[in-house]
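Survey of secondary and tertiary structure
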Amino acid sequence: MTWALLLSLTASVQAAAPSGGDASHRVVGGVVRSKEWVIRRAPRREEEFIGEVSYRKGPSLLTSDWALFRHEAQLWNARGHVGLQHTLKSGDRIEVSGETAEFAQRTGRGRLSPPKGGLVAYSRIPPAGPPDEGSAQRIDWEGQERVRLSGRVHVWGPRLALWGDQADYEAAEGKLTVTGGRPVVHVLQGDWTGAVQGDRVTALQRPDRMQADGRTQGWIRFKEQPGKKKP
């Protein structure tokens, strides 16, 4: 499901820190590159990276125009054309972009926000075929367990489409919950396809199930089994 892939992306950013330096250097386990690198030791130790900031570790890449790491708080801030990329084992590439990001290394909590009046953009790009794309006013995550898209949430693509005010994905349960604005979830691939609208719509990966609460409406069409005659 789209949200599990997004969570793997945000979790990968926690493993290390952004990049900096025309001369590369290590910061909290990661290698950082940037045009300028400023170290301050008083009143608190922090490192600032300015211009073409980039951090790459394995299949993950974080880029921005500026980044700051506060050692005491173990807190990262980035701004200006912030981009996150992560390549999955399947070969699919996940990309998220916004204007500002914050990540707390100790707690694993982070957020990505868009430019003023804009939206955060999301894409899942497979090795072949069209991508799944999405947008929202903000993305928040907690470690590898939860991710939330808030405000004008919309996802579209060949696999899944949805609309709502908020979408929450919980990794342990493989559960996606969409709320606010009479949300709609449209499953486009699988053993069945369908669309459901309600006050709250929940989709589960295992078992493959969709549930709507409140004033509900929708439809479901099951894939015809091979060799089974139509009634």
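Reading the values: rules and limits
- Each chain has its residues counted from 1, running along the sequence as written.
- For a predicted model such as this one, the threshold for reporting local features is a pLDDT of at least 70, and the threshold for listing and counting side-chain atom pairs is 80 or more; totals across whole chains, interfaces and linings nevertheless cover every residue.
- Values reported for side chains reflect all heavy atoms of the structure, with hydrogen atoms and water molecules removed beforehand.
- We call Phe, Tyr and Trp rings a pair once their centres come within 6.5 Å, taking the six-membered ring for Trp, and we label the pair stacked below 30 degrees between planes, edge-to-face above 60, and tilted otherwise.
- Per-residue accessibility, obtained with a 1.4 Å probe over protein chains only, is compared with the maximum for each type, and a residue is labelled buried under 20%, exposed over 50%, and partly exposed between these values.
- Only DSSP runs of H or I with at least four residues qualify as helices, and only runs of E with at least two residues qualify as strands; both kinds are numbered from the N terminus onward.

Considering all chains together, one arrives at 2 aromatic pairs under this definition. Each ring, one from F69 and one from W76, has its centre 4.8 Å from the other, and the planes form 35°; the classification is tilted. Taking relative accessible area as the criterion, W76 reaches 3% and is therefore assigned buried. One aromatic cluster is present, built from ring pairs that chain together F49, F69 and W76.

Cis rather than trans, the peptide bond between A42 and P43 has omega equal to 0°. Relative to the elements of secondary structure, P43 occurs in the loop between β3 (36-40) and β4 (46-57). A positive phi angle, near 50°, is found at E52, a position not held by glycine. Topologically, E52 is positioned in strand β4. You can call E52 exposed: its relative accessible area is 58%. Despite not being glycine, R152 shows a phi value in the positive range, around 50°.

Shape descriptors only; they carry no functional weight alone.
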